[in-house]
Amino acid sequence: MTVFSTAWLTSPRSRWRSKGHTLPIALAIATAAVAMSLVAYLLWPTWATGASSSIPDRLPISIGGTLFNVPTAAIRMKIQRHSGPQERIDLNFSFPSLTAPEAPKHVSADTIDEKASPIDRIFLSIAAHHDTLAPEMRVDTIYPRYLDQAATMPEDGLTMRMFRADTPYGSEDLFSATNPALTARCTRDAATPGMCLFERRIDGADLTFRFPRSWLSSWHEVAEAMDRLTAQLRGPKG
């Protein structure tokens, strides 16, 4: 009786085919791991470990064909920290200094503060508008359809009108003033503090500012701060 070895049954050609199927799978897994690591690195918040001399203080960024001179440290996401054309950037600035805020400190279970700190920043998103309805047109043609007819008497030059409860803006109020100009849509205080949204169009880009509703008690300063930020980001005109 002839005894066949199991090693003979597993021929070199069979073993080569098995390795041939395994190699592409291993390469695909490795490629996916590298891609995920890159995305995580670009999107993960950065804690300050010291200034880097290789990073410029400001970046020339074009949005909707409109050039902005942007403080690098004010850009909230790493993936947006490069010069050239972009579809959108997200920024934040300390108020009232209007400087780029310090990098967030690393928080551990031992150092976390259970009491939330008050918001001390103006948030700003700049995005290409692609000829959508301008913010001024929205104020003139869309909002009036949803506003309650009653309006509060101007307080320190600021007028408030409530949106009706059965409208898409039912939990918000509209604040407006003329000197300086301000039109802000604000959510009401609830489980989280109310926030205000102010929009303006600059050539091919829309600027959307967000700030705490509680700041309206000093609305002159807030409106002037947003005007200054807009001028600083545009830079000197030649």
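Worth saying up front: this structure is predicted, and the values here are computed from it rather than measured.

1. A closer look at unusual backbone geometry
For the peptide bond that leads from Phe95 to Pro96, omega is 10°, which places it in the cis range. Examined against the element boundaries, Pro96 turns out to sit in the loop between β4 (88-94) and β5 (121-128). A cis geometry characterises the amide bond from Asn179 onward to Pro180, with omega recorded as 0°. Looking at the secondary structure, you find Pro180 in the loop between β8 (172-178) and β9 (181-187). Unlike most non-glycine residues, His130 shows phi in positive territory, near 50°. On the basis of relative accessibility, which here comes to 58%, the residue His130 falls in the exposed class.

2. As for the sheet that holds strand β6 (residues 147-151)
Pairing is antiparallel across the open sheet formed by eight strands, whose spatial order is β4-β5-β11-β10-β9-β8-β7-β6. Two strands lie at the open edges of the sheet, namely β4 and β6, each paired on one side alone. The sheet shows a mean angle of 25° between the axes of neighbouring strands, direction not considered. Pairing of β8 with β9 involves seven bridges; the strand directions are antiparallel. Note on β9: the bridge partner recorded for Phe175 is Ala184. Docked against the sheet, helix α3 (residues 135-142) engages β9, β10 (195-202) and β11 (205-212), running at close to 120° with respect to β10.

3. Quick word on the state of the cysteines
Overall, the coordinates contain one disulfide when judged by the stated rule. The side chain of Cys186 participates in a disulfide bridge whose partner is Cys196; the two sulfur atoms lie 2.0 Å from each other. An S-S torsion of about 110° defines the bridge between Cys186 and Cys196 as right-handed. Taken together, the residues span a long stretch of sequence, with Cys186 in strand β9 and Cys196 in strand β10 at a distance of ten residues.

4. Digging into a negative patch on the surface
Together, Glu155, Asp156, Glu221 and Glu224 make up a negatively charged patch on the protein surface. By relative accessible area, Glu155 is classed as exposed at 62%.

5. Quick look at the sheet that holds strand β3 (residues 84-85)
Spatially, three strands are ordered β2-β1-β3 in an open sheet, and the strand pairing comes out mixed. The open sheet has two free edges, formed respectively by β2 (66-71) and β3, since each of these has just one partner strand. Packing of helix α4 (residues 219-234) onto the sheet brings it into contact with β1 (58-63) and β2, and relative to β2 it is tilted by some 105°.

6. Let's talk about the side chain of Thr72
Tracing the backbone through its elements, the reader meets Thr72 in the loop between β2 and β3. Every residue in contact with Thr72, bar those within four places of it in the chain, is listed here: Ile55, Pro56, Asp57, Arg58, Leu59 and Arg81.

7. Remarks on the confidence of the model for the protein
Looking at the protein, the pLDDT average stands at 83 and 73% of residues meet or exceed 70. Scored below 50 in pLDDT, residues 1-9 makes one contact in the model with residues more than four places away or belonging to other chains. Predicted confidence for residues 39-52 stays below pLDDT 50, and this span has 15 contacts to residues more than four positions away or in other chains.

8. With respect to the pattern of salt bridges
Evaluation of the coordinates by the stated rule reveals ten salt bridges. Put simply, Asp203 and Arg234 hold a salt bridge, and the shortest N to O gap is 3.7 Å. Taken as a pair, Asp203 in the loop between β10 and β11 and Arg234 in helix α4 lie far apart in primary sequence, 31 residues in all. A residue is classified by how much of its surface remains accessible, and Asp203, at 55% relative accessible area, is exposed. Accessibility expressed as a relative area gives 26% for Arg234, which makes it partly exposed.

Parameters and conventions
Residues numbered from 1 in each chain as written. Predicted model: local features only at pLDDT ≥ 70, side-chain atom pairs only at ≥ 80, totals over all residues. Heavy atoms only, no water. Helix = DSSP H or I, 4+ residues; strand = E, 2+ residues; numbered from the N terminus. Buried < 20%, exposed > 50% of the residue type's maximum accessible area, 1.4 Å probe, protein only. Pairing = 2+ DSSP bridges. Axes fitted to C-alpha atoms, helices over the stretch in contact; angles between N-to-C directions. Contact = heavy atoms within 4.5 Å. Disulfide = S-S within 2.5 Å. Patch = residues over 30% accessible without salt bridge, like charges linked within 9 Å, V, L, I, M, F, W, Y side chains within 5 Å. Areas by Shrake-Rupley, 256 points an atom, 1.4 Å probe, with all protein chains shown as cover. Salt bridge = Lys/Arg side-chain N within 4 Å of Asp/Glu carboxyl O. Lys, Arg positive; Asp, Glu negative; His and termini not counted. Charge placed at Lys NZ, Arg CZ, Asp CG, Glu CD. pLDDT = per-residue confidence, 0-100.

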